[in-house]
Amino acid sequence: MKLKALIAASTVCLSAFAANNAAAATRDYISIVGSSTVYPFATVVAERFGRTSEFSVPKIESTGSGGGLKLFCAGVGENTPDITNASRKIKSSEIELCAKNGVKDITEIKVGYDGIAFANSKKSEQFDITLKDLFTALAKVVPDANGNLIENPNKTWKDVNPSLPATKIEVLGPPPTSGTRDAFVELAMEGGCKQYPELKAMKKQDKKKYKAVCHGIREDGAFIEAGENDNLIVQKLDANPNAFGIFGYSFLEQNSDKVQGAKIGGVVPTFDAIGDGSYPVSRSLYFYVKNAHAEVIPGLKAYVTAFTSEDAIGDEGYLTDRGLIPLSARDWKLVRNDAVELKPNL
């Protein structure tokens with residue numbers, strides 16, 4: 001009886017696996033979701049891939065990093081994406097969600113670096129601010145003169161820092177599903193939060209409260225969620241010279257005739273400053289591959305190989321012309337090896 005039960009269980013598992021693969025095989029294009037920051041890079045690769053290979057142009061949706069990982073981790077099969085782009089590293093909770101839904105062999109591929117720009121219209125003056133200024137302007141709660149946490153009372157930039165103009169604080173930024181939002185609160189907001197000694201001390205006393213305070217963004221209208229469309233933010237900044245926007249460096253570079261990045265700690269967001277780490281709000285960019293689809297989705301392996309080629313993401317790669325900050329030669333070789341072999345590495 002035990003042997004029969006084992007055979008029956010094995011048959012069910014194999015049938016489910018075959019069904020998933022068969023379902024995936026009915027789709028003749030690569031399905032990609034995820035980060036709005038990685039989206040333009042992936043689109044360039046996909047278009048070239050469609051022109052230069054025997055495979056269809058991959059279908060790419062800009063859902064935000066969090067939204068993309070949720071879709072990616074929903075399971076294996078035709079109705080789930082093959083790849084998700086991310087402008088932050090996958091979280092442990094997302095790895096657990098993937099595993100729960102049968103997505104167990106995943107290859108993480110780092111493609112390069114990006115800076116998060118805090119930008120305004122070129123019709124206005126260029127700001128020179130600190131991480132502490134950013135936190136003080138955008139945090140939901142801030143310390144008062146006695147160190148007590150209060151709802152953010154700052155209405156203008158001059159309220160934040162006497163050296164800044166008396167213009168209303170108005171910032172257009174990404175929603176919670178965005179990797180840009182995740183990276184901004186971690187690098188910029190928390191970086192500024194720690195400049196307050198009483199908040200830095202809170203990290204040792206109450207980590208949960210510390211994170212809530214340092215990552216909490218005000219909801220009184222000073223910060224406006226502008227969706228996943230960074231091009232729309234650029235258009236709004238051009239129309240409103242008093243507003244600021246938060247988006248990836250590549251969009252800043254592509255729209256340098258309209259917008260300018262603020263100096264943060266005296267450092268302008270440039271290709272070199274992001275690459276050498278001197279610009280304080282920099283992050284890594286990734287995509288994640290569902291290896292269960294590698295043998296059944298036409299062109300999946302070839303697309304991964306194309307995206308990670310030296311011609312695409314190397315020092316002189318065509319994506320650097322679009323604003324991607326390249327990996328070091330050593331890191332690229334490691335990434336390339338994992339990509340070509342589709343080696344599970346999480």
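Predicted model, so just to flag it, every value in this text is computed and none were measured.

**Points about helix H3 (residues 65-72)**
1) Next: Listing the buried residues of H3 in full gives Ser65, Gly67, Gly68, Leu69 and Phe72.
2) Next: Buried residues belonging to H3 abut strand S1 (31-34), strand S3 (83-86), helix H4 (92-100), strand S4 (106-121), helix H7 (179-193) and strand S13 (282-290).

**Brief notes about the environment of Leu71**
1) Next: Structurally, the position occupied by Leu71 is in helix H3.
2) Next: Sequence separation between Leu71 and Tyr29 is 42 residues; the distance between their C-alpha atoms is 17 Å.

**Side note on the confidence of the model for the chain**
1) Next: Put simply, the chain has an average pLDDT of 91, and 93% of its residues get 70 or more.
2) Next: Low confidence marks residues 1-24, where pLDDT is under 50. Its contacts with residues over four positions away, or in another chain, come to 9 contacts.

**Brief notes about the packing of H7 against helix H9 (residues 207-215)**
1) Next: Between H7 and H9, whose axes approach to 8 Å, the crossing angle comes to 105 degrees. By the criterion of interaxial angle, the relationship of H7 to H9 is roughly perpendicular. Across from Val185, Glu186, Met189, Glu190 and Cys193 in H7, the residues of H9 making contact are Tyr210, Cys214 and His215.
2) Next: Here the residues of the contact of H7 with H9 are counted per class, giving 5 nonpolar, 1 polar and 2 charged.

**Remarks on the state of the cysteines**
1) Next: Counted by the stated rule, this structure contains 2 disulfides.
2) Next: The disulfide partner of Cys73 is Cys98, and the S-S distance across this bridge is 2.0 Å. Taking the torsion about the S-S bond as the criterion, the Cys73 to Cys98 disulfide, at about -70 degrees, is left-handed. Highlighted residues: Cys73 in the loop between H3 and S3 and Cys98 in helix H4, separated in sequence by 25 residues. Across the pair, Cys98 and Cys73 agree in class, each one buried.
3) Next: With its sulfur 2.0 Å from that of its partner, Cys193 forms a disulfide with Cys214. Given an S-S torsion of about -55 degrees, the disulfide between Cys193 and Cys214 has left-handed geometry. One end of the pair, Cys193, is in helix H7; the other, Cys214, is in helix H9, and 21 residues separate them in sequence. Across the pair, exposure class does not vary: Cys193 and Cys214 are buried alike.
4) Next: Each bonded cysteine of the chain is numbered by sequence order, and under that numbering the disulfide pairs are 1-2, 3-4.

**Focus: the domain arrangement of the chain**
1) Next: As assigned here, the chain comprises domain 1 (31-113 + 284-341) and domain 2 (114-282).
2) Next: The gap between the C-alpha centroids of domain 1 and domain 2 is 28 Å.
3) Next: Contacts between the two partners involve 22 residues from domain 1 and, on the opposite side, 17 residues from domain 2.
4) Next: Taken over both partners, the interface formed by domain 1 and domain 2 buries close to 1400 Å², and the fraction arising from carbon and sulfur atoms is 53%.
5) Next: By the criterion of area lost to domain 2, the three top residues of domain 1 are Ser36, Thr37 and Ile325, representing 33% of everything that side buries.
6) Next: Between the two partners, domain 1 and domain 2, sit 1 salt bridge.
7) Next: Viewed at the interface, domain 2 and domain 1 are joined by 8 residue pairs in polar contact (both at pLDDT 80 or more).

**A look at the packing of helix H5 (residues 131-138) against H7**
1) Next: Two elements in contact, H5 and H7, have axes separated by 7 Å at closest approach and are oriented at 100 degrees. One way to sum up the angle between H5 and H7 is to call them roughly perpendicular. Residues Leu131, Lys132, Leu134, Phe135 and Leu138 of H5 form the contact with H7, whose participating residues are Phe184, Leu187, Ala188, Met189, Gly191, Gly192 and Cys193.
2) Next: Class assignment for the residues of the contact of H5 with H7 results in 9 nonpolar, 2 polar and 1 charged.

**Some words on the pairing of strand S10 (residues 244-248)**
1) Next: Counted residue by residue, S10 has 5 buried out of 5 residues, so it is predominantly covered.
2) Next: Bridge analysis of S4 against S10 gives 5 bridges, and the strand direction is antiparallel. When the bridges of S10 are listed, Ala117 appears paired with Phe247.
3) Next: In terms of strand pairing, strand S8 (residues 171-173) meets S10 through 2 bridges, oriented parallel. Bridged to Val171 within S10 is Phe244.

**A look at the packing of aromatic side chains**
1) Next: All chains considered together, the criterion is met by 11 aromatic pairs.
2) Next: Plain terms: the ring middles of Tyr286 and Tyr288 are 6.0 Å apart, the flat faces sit at 25 degrees to each other, and that makes the pair stacked.
3) Next: The positively charged end of Lys290 is found above the aromatic ring belonging to Phe72, 4.9 Å away from the centroid.

How each quantity is defined
- Residues numbered from 1 in each chain as written.
- Predicted model: local features only at pLDDT ≥ 70, side-chain atom pairs only at ≥ 80, totals over all residues.
- Heavy atoms only, no water.
- Buried < 20%, exposed > 50% of the residue type's maximum accessible area, 1.4 Å probe, protein only.
- Helix = DSSP H or I, 4+ residues; strand = E, 2+ residues; numbered from the N terminus.
- Contact = heavy atoms within 4.5 Å.
- pLDDT = per-residue confidence, 0-100.
- Axes fitted to C-alpha atoms, helices over the stretch in contact; angles between N-to-C directions.
- Parallel < 35°, antiparallel > 145°, perpendicular 65-115°, else oblique.
- Nonpolar A, V, L, I, M, F, W, Y, C, P; charged D, E, K, R; others polar.
- Disulfide = S-S within 2.5 Å.
- Domains from an automatic or database assignment.
- Buried area = accessible area lost by both parts, 1.4 Å probe.
- Salt bridge = Lys/Arg side-chain N within 4 Å of Asp/Glu carboxyl O.
- Polar contact = N/O pair within 3.5 Å; in protein donor to acceptor, adjacent residues only side chain to side chain.
- Pairing = 2+ DSSP bridges.
- Phe/Tyr/Trp six-rings, centres within 6.5 Å; stacked < 30°, edge-to-face > 60°.
- Lys NZ or Arg CZ within 6 Å of the ring centre and 35° of its normal.

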